[in-house]
Protein chains: 2
Amino acid sequence: MQLTKSQTDNSDGFYGRENDMKVEDKLQMLREQMRKRGLAAYIVPTEDFHNSEYVGDYFKAREYLSGFTGSAGTLLVCRDSAALWTDGRYFLQADQQLSDVPIDLMKSGQLGVPTLAEYLEGHLKSGDKVGFDGRTVTRAFVEELDKKLADKQITYYSEEDLADLVWPDRPALSAEPVWELDVEYAGLSREEKLRMVRSKMKEEKADALLVTALDEIAWLLNLRGNDVCNTPVFLAYMLLAEDKAVLCVQARILSREIEEKLKSAGVCVRPYDEIEELVGRLQTGQRIWADGRRVNYRLLQAIPEGVLQLDKPSPMEGMKAVKTPEEMAHLRSAHVKDGVAVTRFIRFLKTHVEKEKITEMSAAGVLEGFRKEMEGYLGPSFDPIIAYGPHGAIVHYAATPETDVEMQPKSLCLADTGGHYKEGTTDVTRTIVLGELTEEEKRDYTLVLKGHLRLGAARFLQGVCGQNLDCLAREPLWENGLDYNHGTGHGVGYLLSVHEGPQNIRWRMNKEIACAPLEEGMVISNEPGLYVTGRFGIRHENLVLCRKGEENEYGQFMYLEPLTMVPFDKDAIEVSLLNEQELEWLNAYHRKVYKTLAPWLTQEEQDWLREATSVLK
Amino acid sequence: MQLTKSQTDNSDGFYGRENDMKVEDKLQMLREQMRKRGLAAYIVPTEDFHNSEYVGDYFKAREYLSGFTGSAGTLLVCRDSAALWTDGRYFLQADQQLSDVPIDLMKSGQLGVPTLAEYLEGHLKSGDKVGFDGRTVTRAFVEELDKKLADKQITYYSEEDLADLVWPDRPALSAEPVWELDVEYAGLSREEKLRMVRSKMKEEKADALLVTALDEIAWLLNLRGNDVCNTPVFLAYMLLAEDKAVLCVQARILSREIEEKLKSAGVCVRPYDEIEELVGRLQTGQRIWADGRRVNYRLLQAIPEGVLQLDKPSPMEGMKAVKTPEEMAHLRSAHVKDGVAVTRFIRFLKTHVEKEKITEMSAAGVLEGFRKEMEGYLGPSFDPIIAYGPHGAIVHYAATPETDVEMQPKSLCLADTGGHYKEGTTDVTRTIVLGELTEEEKRDYTLVLKGHLRLGAARFLQGVCGQNLDCLAREPLWENGLDYNHGTGHGVGYLLSVHEGPQNIRWRMNKEIACAPLEEGMVISNEPGLYVTGRFGIRHENLVLCRKGEENEYGQFMYLEPLTMVPFDKDAIEVSLLNEQELEWLNAYHRKVYKTLAPWLTQEEQDWLREATSVLK
């Protein structure tokens, strides 16, 4: 799936969740609290305390207060106005959900629409006080405000979460039980990982390392949880030193057994909220390693004067991206299981669309059913995108009762879905032919496939980054004056987040986005697409494993091993547009898919797959 | 040609230039001067005061003192030892030239070979004094020494050029007359360019801009000169302020007429050496824009305490890289002239190699003769690389009487040459078939051609950098486990340096190398290659002009217009390795070459070219 803030994950899956109280009244209650504290404005973002891509229900204060359920948005409440900023994916939805509430919709990036900072600049008086929960914003966010409000002597009030005071039925902070990922799956014990991280700390002369990224903590300790939608992690902080390690978590989420194991690994457990105090106890002259992009504002504020901050990406970002041989082996079997489920789903769609009523949402249910049949399946790695016809052109489409449509025996269905298995995380997109296609649909399907195949077949020297390779996937589209407005590839975690760095495949040279060489063991997606608004969308996505190939006098060559094992729908391929090499790549992949999946399929399914993967000439 | 320090440019073109004095004696004289000043070591680099790629004879002190004539090398003279560092291109030559002199050859980059800083660390005592001419090194160089010598309390003596005291017959500092490039060629008047630069200074709040790069001064003032080998520039410094501009040049190089024109443009002329004094007069609190990568150490030292240095690339780097419509138009005609000369040369080689004795050096003379026949030709833009057979595998080969070989009617001749015309600068490489080829030669020639054609045909979105496109040229080689160890493309100046930034086509993400988007009007080379040591070398190089193409809902598309108009030798093409698209690209280019050059050729030459560019199937 695409590497941007994810689509909505409102668990009850429909717009306008019922609330007893009207939005007006909620805002009034909030303003009352603001008045008591002398706040001219209060900001409610959509973040947890860990800068997670997805957030648990506890953190959906912006959704509760505004009624807007999209996954991305920031609410600003002033004395006598309120506004909500969201991006292009949600303009339509926000228009509907905010239509009859006293909140102005700010369409981010639209011409003439002020940023939140610009809006504040216009609405604040000199000396005003602005509030927000310091745990839900980054320092970058505050610095952005500073820039705009410099000459207004604005002060910030970041100690309190006012939403909490006006949200009676707020869901509790998730505190699901933590479970252990056996070293047999992880490949490295937590002791070994702690050693690796500490040696990096030594290199950087860091006395302490502050870890707030939930996937890093889960990776480091070989633990998993269920506090965040679509991501098997648990709410926690860690403060790591040469001689001790402290894990801050909520009460009772760790079994005695796990707590014992942590202890024997030198990790002591403290309450979740104690992290600020621990950070505050650092000594003058000490160096703390804290990634300014990820650690929340309040924690950075808690670092005492005189303690030096080493502001660079956590050493674990690169470590967990390079999968161990054990993880690689397990990933292959996870993808066999996922391949069986998705292949069954494709066959089901193509063979049943004429016989019975299938909607986008019911189809998603069918696929989830097939995945659940697989041993070791734990749940989706992101909200499924099952987009029929014109919906396929909406890159981050998520079907809702209002938008759900019945599929017809024509056009294309874009299915971008993934799952978490004990053996790893999957993410696959196929564009499925349900019947008659237009020439344009066939041409575009084939052009995107050319790019996918070329990138997938790339051989390159060690040291090459995604930025070097992106154009291999785009070239066939660029040649024809076409493009897709998203990255070509994102890293994928091992039973962690479906989006992880540092590697990526994009062409823009962007200071925010790292240029990380593709190393043996990294998993990355290969997903070019094409989107024709109002008509159809196409995306072909495999996950690939970066591998070492031949080493010779020119250097160490690398190649990409496909992990995803699902056929591409041949019914949409305009063969005349593929050259011999591309045909050979496709046929070789399909041979491998058949050989890999057949043993796990019924005779009927095998026959169908044999045909679906038969040689194209 | 390749974007690295250029090959030797010793004008008399042979090794071991005669010197009355023995190297031993020269070093003794230098040591005498060192002793007088209490210097433990003295460093003689190969640089002029402007960090130019090529240097005039005045600056060849290292060559004079050591007898090593390569273009890259640094001499270090200690109390009782001396060493010279050079790179792989010159190991052979340096071995010969230093064989019987008391100077140790340090092969840079070889395992176990210390860097100059490391060598000094081993040879210096605490408190020692190290000398060098501060005008011939960068701050980066000195900082490198500092790092290694930190704990030795070393001091530097950078005020004096000791070589000057021991080099009786030193050539005078070149002071050739400056001439004007009409605005008809430049497209922009110096007044307009001064305005552009000053508006950039305003943006950066810079009170002054220190310009030491000779090509920037020549570009800014629409003046050219002849003080530096292969580059029509003149020795000068500029200090630019909002309200005044000072040009520091040697006496009598400007005609009264030019001086008048400069005056009326607000540029006053001062002596070349006065620049240090001018910089020293800056006021506390002022901001001076000075590119730390280019401005020499002594000038940076001259900036008074309390003056803030804005250390970033000069604004002119990007300005001169984007050619004006007038420059683009003239460039096309320069390349027609160059194309005629090079095409004649190719025909001459192929048709005469069996009939008469042709050596690498005599061939270079023939090509220079053809170029001289062209109106507006001013001279070579770099030293020609005419490399026959195994010599082709030496990327920066320059034939000398010792290496010069007679060409045989077999194998390949790599010819990488270029010229300066009033209408612009050219740089072209063709690999010419002189007779029988091996299968390997044909395969490699064709694989390199595939990469060249694919990059040349690239369509891409505005904003794309060379780093994004490099792999298009390498993919056919990487697929086969092959590579070339140099960049794919370098920017080219307009009647300035044949190598200029900021654009380039390379894959390594290197902090030293900018990622500059390819903008309309930039000229860049497309020159993949392949080098088989001891056997042959292949390189195919065109200069291309970056152009705006279609603009649509996906953005502004760009393409590369070929400027170079010279046929590729079809005799080496293994057609079966080219796909239809590549064949079409090649045939279309050859059609254009014939159409463009034919009007300027004799009937005989036309007939030959028609055959040489006939359609391949």
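Residues numbered from 1 in each chain as written. Chains lettered and ligands numbered in written order. Predicted model: local features only at pLDDT ≥ 70, side-chain atom pairs only at ≥ 80, totals over all residues. Heavy atoms only, no water.

Asks: What is the right way to look at the overall build of chain A in this model?
Replies: Summing up its helical and strand segments, chain A has 18 helices and 28 strands in all. For chain A, the spread of C-alpha atoms along the principal axes amounts to about 75 × 55 × 45 Å. Within chain A, buried positions represent 61% of all 617 residues. For chain A, the exposed area adds up to about 23800 Å²; of that, 51% sits on carbon and sulfur atoms. (Helix = DSSP H or I, 4+ residues; strand = E, 2+ residues; numbered from the N terminus. Buried < 20%, exposed > 50% of the residue type's maximum accessible area, 1.4 Å probe, protein only. Areas by Shrake-Rupley, 256 points an atom, 1.4 Å probe, with all protein chains shown as cover.)

Asks: Would you take a moment to explain helix H4 (residues 116-123) of chain A for this structure?
Replies: The periodicity of an α-helix, 3.6 residues per turn, causes residues three or four positions apart to be oriented the same way. The set of residues buried in H4 of chain A consists of Leu116, Ala117, Tyr119 and Leu120 of chain A. Axial view of H4 of chain A: buried residues confined to an arc of 160°, hence all on one face. (Arc of directions from axis to C-beta.)

Asks: Can you walk me through the packing of aromatic side chains in this structure?
Replies: Two numbers describe a pair of aromatic rings. These are the distance of the centres and the angle of the planes. In the structure shown here, the tally under the stated rule is 24 aromatic pairs over all chains. A ring pair is formed by Phe132 of chain B and Phe141 of chain B, whose centres lie 6.5 Å apart and whose planes are at 85°; its orientation type is edge-to-face. Look at Tyr237 of chain B and Tyr272 of chain B: their rings are 5.0 Å apart centre to centre, the planes differ by 25°, and that puts the pair in the stacked class. Taken as a pair, Tyr237 of chain B in strand S10 (residues 236-241) and Tyr272 of chain B in the loop between strand S12 (267-271) and helix H10 (275-280) lie far apart in primary sequence, 35 residues in all. Across the pair, exposure class does not vary: Tyr237 of chain B and Tyr272 of chain B are buried alike. Among the aromatic residues, those joined into a ring-pair cluster are Phe132, Phe141, Tyr156 and Tyr297 of chain A. The ring of Phe568 of chain A is capped by Arg430 of chain A, whose NZ or CZ atom sits 3.8 Å from the centre of that ring. (Phe/Tyr/Trp six-rings, centres within 6.5 Å; stacked < 30°, edge-to-face > 60°. Lys NZ or Arg CZ within 6 Å of the ring centre and 35° of its normal.)

Asks: Can you walk me through the relation of the copies chain B and chain A in this structure?
Replies: Each of the two chain copies can be brought onto the other by rotation about an axis and movement along it. Rotating chain B by 180° about the axis while translating it 0.0 Å along that axis superimposes it on chain A, leaving an RMSD of 0.1 Å. Such a combination of rotation and displacement between the chain copies is what one expects of a two-fold axis. Ranked by how close their C-alpha atoms come to the rotation axis, the residues of chain B are headed by Asn468 of chain B, at 2.4 Å. Of the residues that chain B buries at the interface, 100% are likewise interface residues in chain A, meaning the two copies contact each other through the same surface. (Least-squares fit on C-alpha atoms with pLDDT ≥ 70 in both. Contact = heavy atoms within 4.5 Å.)

Asks: Would you mind showing me how to read the interface of chain B and chain A here?
Replies: Accessible area lost on assembly of the parts is the figure often given for the size of an interface. Contact with chain B, which involves 30 residues of that partner, is made by 30 residues of chain A. For the pair chain B and chain A, the summed buried surface comes to about 2700 Å²; carbon and sulfur atoms form 62% of the total. At the surface where chain B touches chain A, the tally comes to 0 salt bridges. One can count 8 residue pairs in polar contact (both at pLDDT 80 or more) joining chain B with chain A. Among the secondary structure elements, those contributing two or more residues to the side of chain B that touches chain A are strand S21 (459-461), helix H16 (466-478), strand S25 (529-532) and strand S27 (542-552) of chain B. With 7 residues, the top contributor of residues to the side of chain B that touches chain A is H16 of chain B. Broken down by class, the residue content of the side of chain B that touches chain A amounts to 16 nonpolar, 8 polar and 6 charged. (Buried area = accessible area lost by both parts, 1.4 Å probe. Salt bridge = Lys/Arg side-chain N within 4 Å of Asp/Glu carboxyl O. Polar contact = N/O pair within 3.5 Å; in protein donor to acceptor, adjacent residues only side chain to side chain. Nonpolar A, V, L, I, M, F, W, Y, C, P; charged D, E, K, R; others polar.)

Asks: Explain the sheet that holds strand S1 (residues 41-44) of chain A here, please?
Replies: Either a parallel or an antiparallel arrangement is found when strands of a sheet pair, and the pairing is made through backbone hydrogen bonds. Residues and elements named next belong to chain A. With mixed pairing, 6 strands are arranged side by side in an open sheet as S4-S3-S2-S1-S5-S6. Across the chains shown, the open sheet's two edge strands, defined by having one partner strand only, are strand S4 (104-107) and strand S6 (155-157). Averaged over all adjacent pairs, the angle separating strand axes in this sheet is 25°, with direction ignored. When strand S3 (residues 82-86) meets S4, the two strands line up parallel, connected through 4 bridges. Pairing of Thr86 across the sheet is with Lys107, part of S4. Contacting S1, strand S2 (74-78), S3 and S4, H4 runs over the sheet at an angle of about 5° to S2. Where helix H5 (residues 139-149) meets the sheet, it contacts S1, strand S5 (129-132) and S6, and its direction lies at approximately 150° from that of S6. (Pairing = 2+ DSSP bridges. Axes fitted to C-alpha atoms, helices over the stretch in contact; angles between N-to-C directions.)

Asks: Explanation requested: the pattern of salt bridges in the structure shown.
Replies: Close approach of charged atoms allows side chains of opposite charge to pair. The tally for this structure, following the rule as stated, stands at 97 salt bridges over all chains. Across the pair Asp291 of chain A and Arg293 of chain A runs a salt bridge whose closest N-O atoms are separated by 2.7 Å. For Arg344 of chain B, the salt bridge goes to Glu605 of chain B, with nearest N and O atoms at 2.6 Å. Pair noted here: Arg344 of chain B is in helix H13 (residues 325-352) and Glu605 of chain B is in helix H18 (residues 603-612), with a separation of 261 residues, a long-range link. Taken as a pair, Arg344 of chain B and Glu605 of chain B share a single burial class, namely buried. Via salt bridges that share partners, Asp133, Arg135, Glu276 and Arg298 of chain A belong to a single interconnected network.

Asks: Help me out: how do you make sense of the nonpolar core in this one?
Replies: Burial of nonpolar side chains together is a common tendency in soluble globular proteins. Of all hydrophobic cores here, the largest spans 173 residues; its most connected members are Leu349 and Phe460 of chain A together with Leu349 and Phe460 of chain B. The next biggest cluster of nonpolar side chains, apart from the first, holds 74 residues, and it includes Tyr185, Leu214, Leu282 and Leu310 of chain B. (Core = buried A, V, L, I, M, F, W, Y, C linked by side-chain atoms within 4.5 Å.)

Asks: Help me understand the domain arrangement of chain A, please; the structure alone is not making it clear to me.
Replies: As far as domains go, chain A holds domain 1 (18-166), domain 2 (179-315) and domain 3 (322-582). Between domain 1 of chain A and domain 3 of chain A, the C-alpha centre-to-centre distance is 35 Å. (Domains from an automatic or database assignment.)

Asks: Would you explain the pairing of strand S16 (residues 385-388) of chain B in this entry?
Replies: A regular strand carries its side chains on alternate faces of the sheet. Residues and elements named next belong to chain B. Residues of S16 alternate between two faces, with Ile385 and Ala387 on one and Ile386 and Tyr388 on the opposite face, all of them buried. Judged from the 4 bridges that link them, S16 and strand S17 (residues 412-417) form a sheet pairing that is antiparallel. From the neighbouring strand, Ile385 faces S17, where its bridge partner is Asp416.

Asks: Would you explain the state of the cysteines in this entry?
Replies: Here, disulfide denotes a covalent bond that connects the sulfur atoms of two cysteines. As enumerated under the stated definition, the model contains 0 disulfides over all chains in all. No disulfide involves Cys248 of chain A; its nearest neighbouring cysteine sulfur is the one of Cys268 of chain A, lying 8.1 Å away. Not part of a disulfide, Cys471 of chain A finds its nearest cysteine sulfur in Cys471 of chain B, a span of 4.0 Å. You can call Cys471 of chain A buried: its relative accessible area is 2%. (Disulfide = S-S within 2.5 Å.)

Asks: Could you clarify how one ought to interpret helix H7 (residues 190-203) of chain A in this entry?
Replies: Residues and elements named next belong to chain A. The end-to-end C-alpha distance of H7, which contains 14 residues, comes to 20 Å, matching closely the 20 Å that a straight helix rising 1.5 Å per residue would cover. For H7, the set of buried residues is Arg190, Lys193, Leu194, Val197, Arg198 and Met201. Down the axis, H7 shows its buried residues gathered within 130° of arc, on one side only. Turned more than 90 degrees away from the buried face of H7, the exposed residues are Arg195, Lys202 and Glu203. (Expected span 1.5 Å × (residues − 1).)

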